[in-house]
2 protein chains.
Amino acid sequence: MTFTAPSPDGAELRSQHTIAVDEPAGRAIRVGLDVGGTKIDAVAVDRSGDIVGRHRRPTGWGDDAVVDSITQAVAALAAENGLSLASIGSVGVGIPGVVDVETGRVLHAVNLGVESLDLAGRASAALGIPFRIENDVKAAALGAAVLRGATGSMAYLNLGTGVAAGIVLDGRIRRGARGTAGEVGHISVDPNGRLCGCGQRGCIETLCGGGALAKAWGRPGALPVADILDAADAGDPTAIALRADLHHGAAAAVRVLVLSADVETVVIGGGLTALGARLDEGIRAALRTEAEASPFMRSLHLDERIEILATGSPAAAFGAALVGAAVPEKEIVFHG
Amino acid sequence: MTFTAPSPDGAELRSQHTIAVDEPAGRAIRVGLDVGGTKIDAVAVDRSGDIVGRHRRPTGWGDDAVVDSITQAVAALAAENGLSLASIGSVGVGIPGVVDVETGRVLHAVNLGVESLDLAGRASAALGIPFRIENDVKAAALGAAVLRGATGSMAYLNLGTGVAAGIVLDGRIRRGARGTAGEVGHISVDPNGRLCGCGQRGCIETLCGGGALAKAWGRPGALPVADILDAADAGDPTAIALRADLHHGAAAAVRVLVLSADVETVVIGGGLTALGARLDEGIRAALRTEAEASPFMRSLHLDERIEILATGSPAAAFGAALVGAAVPEKEIVFHG
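Since the model is a prediction, treat every value here as computed from it, not as a measurement.

**A closer look at the overall build of chain A**
For step 1, the next point in the chain: Scanning chain A for helices and strands turns up 10 helices and 15 strands.
For step 2, the next point in the chain: Within the span of chain A, comprising 336 residues, buried residues form 53% of the whole.
For step 3, the next point in the chain: Taking the contacts inside chain A whose residues are at least 6 apart along the sequence as the reference set, 62% of them involve residues at least 24 apart.

Structure (structure tokens):
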């Protein structure tokens, strides 16, 4: 893969096909970490862009534990795959929350117990490897785009606890003027809808976010959205309504992404993809049904333009490795 | 201005600061026409990007009359400003409807009585000047961006009979994968809203499109949206509700554009800008009110990120001139 460093304002990130960032022999491995609320998924990527190792471990909670679990994930990934730390040229981290890409600081990552953390500085100092930090959805969007070999335009719609999208145009993350590109979860599509955590009513996230659905369902269970689908299959009327919300909300997000940014494909990822065909077929059916009355909407063939990421896909961690590999050369300081 | 010809797939169009398309001496004038349902606005732009002439005339209805009114507009613009037809290097046309930019064909321009018209071919043959055709909103978006000196990102939200936006990123029209980038008018924001001409319910266009508002108002009058605002000022409850729809619908379009493409600024143009401060202040107030409950939305400062194009702005015709100036050199055949 060729990684072009971000432009001076850090607004764009491009990836192509061969690693071109010069590194001394032996620094050819790029590590990527997708840091979620419960687990870290780490991959090692070699010079030709192949994933040559993978490791998963639980995420710590709070500043120190987050840094420790990240450095431990890198160390374990290296040890399990016969790689020395000295062979790692960079580590990229995709993490929820607001990320200052330039400084590597993470803000408001509430699910990790982090309010403001110099993640790049601390992790880099601990391991002697340059770190680069990116918002998790944007990193996953880039990873999914490159793994698909996408050369055109793509949105990555993350259906997890919350809902957000990353937009990739011609291999570049579209960050936007103020970092809100792809924040479709907080577009209201129903003035009389449920109250959103953001303060608005009827946001797309209230319809198809795992957190909002669990809250609306209000019954205990480790996998509330799966429980909702099971109960809907069994005829529970509340569950049937919430299932429809899930499918209609995701369909609304797809429509917004196509009618604003007009991406060719919307790839759906995130925790809710564990629902498999019950998610996939439901969203497609909603897109078809909702287009029935509209020749214009039918002409867009939205139901044929979505893809569900396979459960266990390494796209998010792979995308983080791409982010890390884009560290400008001047930032690379060798400690080891 | 530097005009770089579109990339091979015709997907992008870039403009910068000096006209760099080579032309023989005496072919330095670029003409741009904004063709509306009732009138044509034509401008002549010189090599340094200054508007050196302007002419307006009524638009014809049906294929032949549309072609005739366009060629007559070019001829009259030249005659009134002491320009010879031989001094005109290109004509760009912004026109409503579906435009095949590559062939210069216009499809489904229902307000002009055109179903399928080889506009570039016929007008070019009549005058011996190369023509290039673009969708009117996209051309206006480019013109507004260049007139503002925008180097970042901008959306041009056209509030006319219908509602659509053009997105300009770094001086390029974002056309999208299938030409629907910016079609925010047909995003539904209310499942119980009014039926849209497109077949869906609660589309943004049903709230703030001049055609939809006139239909909902249902009373005779040459300027139905102005009538609605007057009646609202006088306390008419139907008019008050429709005025709120207008402001809320435009605010919703602004939110969608920022939360998907995250443009820095939304410039509002189109026929409804004749409403002046009653439109401007109403949209700003709606953006402020609707953000009150949401710290996230407040943090976006949307009310400070909109601009209303001045009535009579030549942005649309100027943008068409930029489109025309991007004719690839190989396409330029000199007849005269």
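**Some thoughts on the sheet that holds strand β4 (residues 39–45) of chain B**
Residues and elements named next belong to chain B.
For step 1, the next point in the chain: Reading across from one edge, β5-β4-β3-β6-β10 is the order of the 5 strands in this open sheet, with mixed pairing throughout. One side of each edge strand has no neighbouring strand; the edge strands of this open sheet are β5 (51–58) and β10 (131–135). Averaged over neighbouring strand pairs, the angle between their axes works out to 20 degrees when direction is ignored.
For step 2, the next point in the chain: Sheet topology note: the strand β6 (residues 88–95)/β10 ladder contains 5 bridges and is parallel. By the bridge assignment, valine 93 is partnered in β10 with isoleucine 133.
For step 3, the next point in the chain: Relative to strand β3 (residues 29–35), helix α10 (residues 315–325) is tilted by about 130 degrees, and along the sheet it contacts β3, β4, β5, β6 and β10.

**Description of the sheet that holds strand β8 (residues 105–109) of chain B**
Residue and element names in this part refer to chain B.
For step 1, the next point in the chain: Reading across the sheet, the 3 strands line up as β7-β8-β9 and stay open at both edges, with antiparallel pairing between neighbours. The open sheet has two edge strands, β7 (98–100) and β9 (114–117), and neither has a second partner. Pairwise comparison of adjacent strand axes, ignoring direction, gives a mean angle of 15 degrees for this sheet.
For step 2, the next point in the chain: Across 3 bridges, β8 lies against β9 in antiparallel orientation. If you follow leucine 107 over to β9, its bridge partner there is serine 116.

**Here we look at the packing of helix α5 (residues 210–217) of chain A against helix α6 (residues 224–233) of chain A**
Residue and element names in this part refer to chain A.
For step 1, the next point in the chain: Look at α5 against α6: their axes get within 9 Å of each other, and the N-to-C directions meet at 55 degrees. Taken together, α5 and α6 sit at an angle that is classed as oblique. The two elements α5 and α6 meet at a crossing, and its hand is left-handed. From α5, Gly210, Leu213, Ala214 and Trp217 reach across to α6, where they touch Pro224, Val225, Asp227 and Ile228.
For step 2, the next point in the chain: Its residues assigned to classes, the contact of α5 with α6 shows 6 nonpolar, 1 polar and 1 charged.

**Considering the nonpolar core**
For step 1, the next point in the chain: Counting residues in hydrophobic clusters, the biggest one holds 216 residues, and the most contacted among them are Ala253 and Leu257 of chain A together with Ala253 and Leu257 of chain B.
For step 2, the next point in the chain: When near neighbours in sequence (up to four residues on either side) are disregarded, alanine 253 of chain B contacts Leu157, Val163, Ala165, Val184, Ile204 and Cys208 of chain B.

**Re the domain arrangement of chain A**
For step 1, the next point in the chain: The domain boundaries assigned to chain A delineate domain 1 (3–141 + 314–331) and domain 2 (151–308).
For step 2, the next point in the chain: Measuring from the centre of the C-alpha atoms in domain 1 of chain A to the corresponding centre in domain 2 of chain A gives 28 Å.

**As for the relation of the copies chain A and chain B**
For step 1, the next point in the chain: Each copy of the sequence occupies a distinct position, and chain A is placed on chain B by a rotation of 180 degrees and an axial shift of 0.0 Å, giving an RMSD of 0.1 Å. Look at the turn and shift together and you get a two-fold axis relating the two. Measuring from the rotation axis to each C-alpha of chain A, the shortest distance belongs to valine 189 of chain A, at 2.0 Å.
For step 2, the next point in the chain: An overlap of 100% is found between the interface residues of chain A and their copies at the interface of chain B, pointing to a shared contact surface.

**Some remarks on unusual backbone geometry**
Residues and elements named next belong to chain B.
For step 1, the next point in the chain: Within the chain, histidine 108 stands out as a residue other than glycine whose phi angle is a positive 55 degrees.
For step 2, the next point in the chain: Within the element layout of this structure, histidine 108 appears in strand β8.
For step 3, the next point in the chain: Using a count of 12 C-beta atoms within 10 Å as the deciding quantity, one classes histidine 108 as exposed.
For step 4, the next point in the chain: Located in the positive-phi region is histidine 301, a residue other than glycine, with phi close to 50 degrees.
For step 5, the next point in the chain: Note that histidine 301 resides in the loop between α9 (295–298) and β15 (306–308).

**Description of helix α7 (residues 237–260) of chain B**
Because the α-helix completes a turn every 3.6 residues, residues three or four places apart line up on one side.
Residues and elements named next belong to chain B.
For step 1, the next point in the chain: With 24 residues, α7 extends 34 Å between its outermost C-alpha atoms, agreeing within 8% with the 34 Å of an ideal straight helix rising 1.5 Å per residue.
For step 2, the next point in the chain: Among the 24 residues of α7, 18 are classified as buried, and the element is accordingly described as predominantly covered.
For step 3, the next point in the chain: Once α7 ends, the next one or two residues include aspartate 262, with phi positive near 50 degrees.

**Describing the interface of chain A and chain B**
Often, the extent of an interface is quoted as the loss of accessible area on bringing the components together.
For step 1, the next point in the chain: Contact with chain A, which involves 35 residues of that partner, is made by 35 residues of chain B.
For step 2, the next point in the chain: Residue assignment for the side of chain A that touches chain B shows that the elements contributing at least two residues are α7 (237–260) and α9 (295–299) of chain A.

**A look at the pairing of strand β14 (residues 265–269) of chain A**
All names here are of chain A.
For step 1, the next point in the chain: Counting buried residues along β14, 5 of its 5 residues qualify, which places the element largely inside the surrounding structure.
For step 2, the next point in the chain: Of the two faces of β14, the one holding Thr265, Val267 and Gly269 and the one holding Val266 and Ile268 are both buried throughout.
For step 3, the next point in the chain: Taken together, the 3 bridges between β14 and strand β15 (residues 306–308) define a ladder with parallel strand orientation. Across the sheet, the residue bridging to isoleucine 268 is isoleucine 308, located in β15.

**Observations regarding the environment of arginine 305 of chain A**
All names here are of chain A.
For step 1, the next point in the chain: Among the secondary structure elements, arginine 305 is positioned in the loop between α9 and β15.
For step 2, the next point in the chain: The sequence separation of arginine 305 and glutamate 264 amounts to 41 residues, and the corresponding C-alpha distance is 6.8 Å.
For step 3, the next point in the chain: Setting aside residues no more than four positions away along its own chain, arginine 305 makes contact with Glu264, Thr265 and Val266.

**Let's talk about the environment of arginine 175 of chain A**
For step 1, the next point in the chain: Assignment of secondary structure puts arginine 175 of chain A in the loop between β13 (172–173) and α4 (204–208).
For step 2, the next point in the chain: Along the backbone, arginine 175 of chain A and leucine 157 of chain A are 18 residues apart, and their C-alpha atoms lie at a distance of 15 Å.

**Focus on the pairing of strand β5 (residues 51–58) of chain A**
All names here are of chain A.
For step 1, the next point in the chain: Taken together, the 7 bridges between strand β4 (residues 39–45) and β5 define a ladder with antiparallel strand orientation. Pairing of valine 43 across the sheet is with arginine 54, part of β5.
For step 2, the next point in the chain: If you look at the hairpin formed by β4 and β5, you'll find 5 residues sitting between the two strands, and glycine 49 has a positive phi there, around 90 degrees.

**Remarks on helix α2 (residues 119–127) of chain B**
Residue and element names in this part refer to chain B.
For step 1, the next point in the chain: Among all positions in α2, only Leu119, Ala120, Ala123, Ser124 and Leu127 are buried. Looking straight down α2, one finds its buried side chains confined to an arc of 110 degrees; they lie on one side.
For step 2, the next point in the chain: Each element contacted by the buried residues of α2 is listed here: α1 (63–80), β6, β8, β9 and β10.
For step 3, the next point in the chain: Directly after α2, the chain includes glycine 128, whose backbone phi takes a positive value near 70 degrees.

Parameters and conventions
Residues numbered from 1 in each chain as written. Chains lettered and ligands numbered in written order. Predicted model: local features only at pLDDT ≥ 70, side-chain atom pairs only at ≥ 80, totals over all residues. Helix = DSSP H or I, 4+ residues; strand = E, 2+ residues; numbered from the N terminus. Buried ≥ 20, exposed ≤ 12 C-beta atoms within 10 Å, placed from the backbone. Contact = placed C-beta atoms within 7 Å. Pairing = 2+ DSSP bridges. Axes fitted to C-alpha atoms, helices over the stretch in contact; angles between N-to-C directions. Parallel < 35°, antiparallel > 145°, perpendicular 65-115°, else oblique. Left-handed = near helix turned anticlockwise from the far one by under 90°. Nonpolar A, V, L, I, M, F, W, Y, C, P; charged D, E, K, R; others polar. Core = buried A, V, L, I, M, F, W, Y, C linked by C-beta atoms within 7 Å. Domains from an automatic or database assignment. Least-squares fit on C-alpha atoms with pLDDT ≥ 70 in both. Expected span 1.5 Å × (residues − 1). Arc of directions from axis to C-beta.

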